[in-house]
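# Commentary on secondary and tertiary structure
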Amino acid sequence: MRSHALLALILLACLLPSTASLGAGDIVHDAEYYILEAQHGERWSAQDAALSARLDALRAKHGRPPNLVHIMWDDTAYGDVGIPAIQKVRGLETPNLNQMAEEGILFTRMITEVGCTPSRAAVVTGRLAIRSGMYNIGMLREMHGMRGEEVTLAEVLSKEGYATAFHGKWHLGDIEESYPHKQGFDEAFFTGYNQILSLNTRVAEGANASIGLYEDMLPPDPYKLDDTFVTKGWVQMAEGTKGGPTRQWGDNSHENYMKIDPEAQRRTLDFIERSAKAGKPFYVANWPNLTSFIPNPKKCSVSRSILQDGLQCNVDLFVGAVMAKLRELGIAENTLVVVMADNGPMSHNPPPGLGMAETIYRGGKGDFLEGGVRVPAQAWWPGTIEAQQIVGDMIHETDLFTTFARLAGATKHIPTDRVIDGLDQTALLLEGDTQGRRDYAFIYAGPRLGATVKGNYKRHWISPDPVGEASGIPAAFYFLPADPREVTPMLVNLIHLKSPFNRMRLRHELWKKKYPDAHEVYGVPWTGIENATPEVKALAEPPASLRDLPFDPLEYIESLDQLPFDPDMDPSFGQ
């Protein structure tokens, strides 16, 4: 028995990085990172010294650290932006975005989470959404959000003197604790939900694009008994400042929804100008709604579709305006701009006329296939990032958190009591292709690990092959360069990867035992709204008819994290 215990300890030591190697102020990464650091640490340290000298020279030249702009829109397949040949096939043009790609880096392997809420949580915290519990996609009256204990990029950069702003689709909760100006941003203009808000309107109810939300528009139902089932109060758009009040902006109409992106863009350009004139470094995230799910009769693109119209005549024009503003203010050479999609296309159950489709990779929003998580992405920093680069290194959206902090001189403010999945990719930005520091990704489907990527190899952990998985001989290995659509799982050819992938997963899960996952928080939605409507105020109080129930009508809020994931779910990939 003693020999078995000793063997177990030896195996555990082989699987996990030694905590003795982590200093008190060191950032804690996933276990897999330390496998790479053990092999490349000396070279990386020497490279980092040279990079620091270069960043110091840039700061001396411009008198302040670089400004940081992050623009992230929804649900776009790899190639729909930045690759004109694919755009010809897809029926759209994005000249400004394509020019940005020509003048900077076009990433070919930017990896995200599978859906909007987890993806946005990953960016702002530098952590996989499973670690913060933010893997639920927030919908109307979700009553959840990102907990205040999470440390956001805005909080990290604020400690280094940055002005910070958020404008657009936040989608990280409808409870007060999760509002962006409660999460470190100096100013915020945000929605707690997604583009389905365009269907939570009377216009959509009249068109049957939404059914039953506005009951006063429908014939009376003589069999209706429960008047509390359908949501009656919510906030479409809110605004606030750090330490200041929160107010609803506009109403819940479709007309108001269509004003959100133009107003968010106006605020971003104004924030850039105010910060530049004040001589203050800034970080601004503008995450457009992109489109309404109600098609506009005035078409814009050859495709005539909602996605293509949103990219061509909304996002692309805004990106052009941002580049022009930075040049006008003379700060383009001291500003890094990163633009990207938050996940793959909504290829499952899309609204009519959406125009989203798979391109090179199979799968889309919600899938752990490459089509769900490999997205168009670009970086632009005139004079610092060399032009006309096509980069093949893997980069994960969490890496932006750590990289932005490094560029800002704010690494010391990153918390060290939790796992930070984001790696410092400064070398990749400044020195280009082959200088990345990541060759792995863990892709979660809700709370379950769906797949793991290591270099050019991928293993599906959720598989439609239950016999193979049960027998321990799964045909769930893929060689991505030869099979980018993940339709030809291999057994014999890649079975030598079974043990390496098992070790990789075990290291990941054992490290999580030392740094356990947190949970999102739940509560009454849309509290703290200074100009709240009666319907929004009523969300905090059960109707008078329910106050004498033999249970607390709001008690279920504490149990919301028990839904809706089925541990035996079939992934049902789209073909």
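My aim in this report is to walk through the structure given alongside it, one point at a time. What you are looking at is a predicted structure, and each value in this text was computed from that prediction instead of being measured. (Residues numbered from 1 in each chain as written. Predicted model: local features only at pLDDT ≥ 70, side-chain atom pairs only at ≥ 80, totals over all residues. Heavy atoms only, no water.)

### Examining the packing of aromatic side chains
- In this structure the tally under the stated criterion is 21 aromatic pairs.
- Ring geometry for Trp-170 and Trp-287: centres 6.4 Å apart, planes at 15°, overall stacked. Here Trp-170, found in the loop between β4 (163-169) and β5 (187-191), pairs with Trp-287, found in strand β8 (residues 282-287); they are 117 residues apart in sequence, far enough to count as distant.
- What makes Trp-170 buried here is its relative accessible area of 0%. (Phe/Tyr/Trp six-rings, centres within 6.5 Å; stacked < 30°, edge-to-face > 60°. Helix = DSSP H or I, 4+ residues; strand = E, 2+ residues; numbered from the N terminus. Buried < 20%, exposed > 50% of the residue type's maximum accessible area, 1.4 Å probe, protein only.)

### Quick notes on the nonpolar core
- Among the nonpolar cores identified, the biggest contains 106 residues, and Phe-107, Tyr-283, Leu-336 and Trp-526 are the most heavily contacted of them.
- When sequence neighbours within four positions are dropped, the list of residues in contact with Leu-336 reads Asn-67, Leu-68, Val-69, Ala-379, Trp-380, Trp-381, Ile-385, Phe-404, Leu-407 and Leu-429. (Core = buried A, V, L, I, M, F, W, Y, C linked by side-chain atoms within 4.5 Å. Contact = heavy atoms within 4.5 Å.)

### Description of the sheet that holds strand β14 (residues 448-454)
- The four strands are arranged β13-β14-β15-β16 in an open sheet whose pairing can be described as antiparallel. Each end of this open sheet is capped by a strand with a single partner; those strands are β13 (440-445) and β16 (477-479). Taking the axes of each pair of neighbouring strands and ignoring which way they run, one obtains an average angle of 20° across the sheet.
- For β14 and strand β15 (residues 457-460), the ladder comprises four bridges, and the chain directions are antiparallel. Of the residues in β15, the one forming a bridge with Lys-454 is Tyr-457.
- Taken strand by strand, helix α2 (residues 31-62) contacts β13 and β14, and its axis lies near 170° from that of β13.
- Of the strands in this sheet, β13, β14, β15 and β16 are in contact with helix α16 (residues 498-514), which crosses β14 at around 125°. (Pairing = 2+ DSSP bridges. Axes fitted to C-alpha atoms, helices over the stretch in contact; angles between N-to-C directions.)

### Structural notes on the state of the cysteines
- Inspection of every chain in the model, using the stated rule, returns one disulfide.
- The disulfide that involves Cys-300 links it to Cys-313, with 1.8 Å between the sulfurs. The S-S bond linking Cys-300 to Cys-313 shows a torsion near 65°; that makes this disulfide right-handed. Here Cys-313 lies in helix α11 (residues 306-328) and Cys-300 lies in the loop between β8 and α11, a separation of 13 residues in the sequence.
- Look at Cys-300 and you get partly exposed, because its relative accessible area is 26%. (Disulfide = S-S within 2.5 Å.)

### Comments concerning α2
- With 32 residues, α2 extends just 38 Å between its outermost C-alpha atoms, more than 12% less than the 46 Å of an ideal straight helix rising 1.5 Å per residue.
- Residue His-40 marks the point of greatest curvature in α2, where the axis turns by about 75°.
- Among all positions of α2, only Ala-31, Glu-32, Tyr-33, Tyr-34, Leu-36, Gly-41, Trp-44, Gln-47, Leu-51, Leu-55 and Leu-58 are buried.
- In this structure, the buried residues of α2 make contact with α13 (399-408), α14 (426-431), β13, β14 and α16.
- Just beyond α2, the residue with positive phi is Gly-63, at close to 80°. (Expected span 1.5 Å × (residues − 1). Bend = angle between axes of the 7 residues up to and from the residue.)

### A word on empty space enclosed by the protein
- Going through the model one piece at a time under the given rule, you end up with four cavities of 30 Å³ or more.
- One number sums up the size of the largest cavity: a volume of about 70 Å³.
- Lining the largest cavity we find Asp-30, Leu-128, His-396, Thr-398, Asp-421, Arg-438, Tyr-440, Ala-441 and Phe-442.
- When residues of the lining of the largest cavity are assigned to their parent elements, the largest contribution, three residues, is made by β13.
- Across the lining of the largest cavity, the residue classes break down as four nonpolar, two polar and three charged. (1 Å grid on protein atoms, 1.4 Å probe; cavity = no way out; pocket = protein on both sides within 12 Å on 5 of 7 lines; lining within 4 Å. Points joined across faces, edges and corners; volume = space filled by probe spheres on them. Nonpolar A, V, L, I, M, F, W, Y, C, P; charged D, E, K, R; others polar.)

### Section: the packing of helix α4 (residues 95-103) against α11
- Running from N to C, α4 and α11 point in directions that differ by 55°, and their axes come no closer than 7 Å. What the angle tells us is that α4 and α11 run oblique. Along the contact surface, α4 presents Pro-95, Asn-96, Leu-97, Gln-99, Met-100 and Glu-103, while α11 presents Val-315, Asp-316, Leu-317, Val-319, Gly-320, Met-323 and Arg-327.
- Considered class by class, the residues forming the contact of α4 with α11 number seven nonpolar, three polar and three charged. (Parallel < 35°, antiparallel > 145°, perpendicular 65-115°, else oblique.)

### As for α4
- The complete set of buried residues in α4 reads Asn-96, Leu-97, Asn-98, Met-100 and Ala-101.
- Each element contacted by the buried residues of α4 is listed here: β1 (67-73), α3 (84-90), β2 (105-111), α11, β9 (335-341) and β10 (374-380).

### Quick word on unusual backbone geometry
- For Met-143, which is not glycine, the phi torsion reads 65° and is therefore positive.
- For Met-143, a relative accessible area of 7% corresponds to the buried category.
- Of note in this structure, Asn-208 is not a glycine but carries a positive phi near 60°.
- Secondary-structure assignment places Asn-208 in the loop between α8 (202-206) and β6 (238-241).
- The exposure class assigned to Asn-208 is exposed, which follows from its relative accessible area of 58%.

### Quick word on the pairing of β5
- Of all five residues in β5, five are buried; the element is thus mostly enclosed.
- Of the two faces of β5, the one holding Glu-187, Phe-189 and Thr-191 and the one holding Ala-188 and Phe-190 are both buried throughout.
- The sheet contact formed by β4 and β5 spans five bridges and is parallel. Each bridged residue has a counterpart across the sheet, and for Gly-168 the counterpart in β5 is Phe-190.
- Bridge analysis of β5 against β6 gives four bridges, and the strand direction is antiparallel. Residue pairing in the sheet places Glu-187 in a bridge with Thr-241 of β6.

### Remarks on the environment of Asp-261
- Take Asp-261: it is sitting in helix α10 (residues 260-277).
- In the structure, Asp-261 is positioned 83 residues away from Gly-344 in sequence and 21 Å away in space, judged by C-alpha atoms.
- Not counting chain neighbours up to four residues away, the residues in contact with Asp-261 comprise Pro-288, Asn-289, Leu-290 and Asn-314.
- In this structure the side chain of Asp-261 is engaged in a polar contact, spanning 2.9 Å, whose partner is the backbone nitrogen of Leu-290.
- A polar side-chain atom of Asp-261 sits 2.9 Å from a polar atom in the side chain of Asn-314. (Polar contact = N/O pair within 3.5 Å; in protein donor to acceptor, adjacent residues only side chain to side chain.)

### Looking at the environment of Gly-173
- Positionally, Gly-173 belongs in the loop between β4 and β5.
- Put simply, Gly-173 and Gly-145 are 28 residues apart on the chain and 3.6 Å apart in space, counted from C-alpha to C-alpha.
- Aside from chain neighbours lying at most four places away, what touches Gly-173 is His-144, Gly-145, Ser-178 and Gly-192.

### Here we look at the side chain of Asp-316
- Its location among the elements puts Asp-316 in helix α11.
- A polar contact is formed between the side chain of Asp-316 and the backbone nitrogen of Asn-96, at a distance of 3.0 Å.
- Once residues lying within four places of it in the same chain are set aside, the contact partners of Asp-316 are Thr-94, Pro-95, Asn-96, Leu-97 and Leu-311.

Without other data, these values stay purely geometric and don't point to any function.
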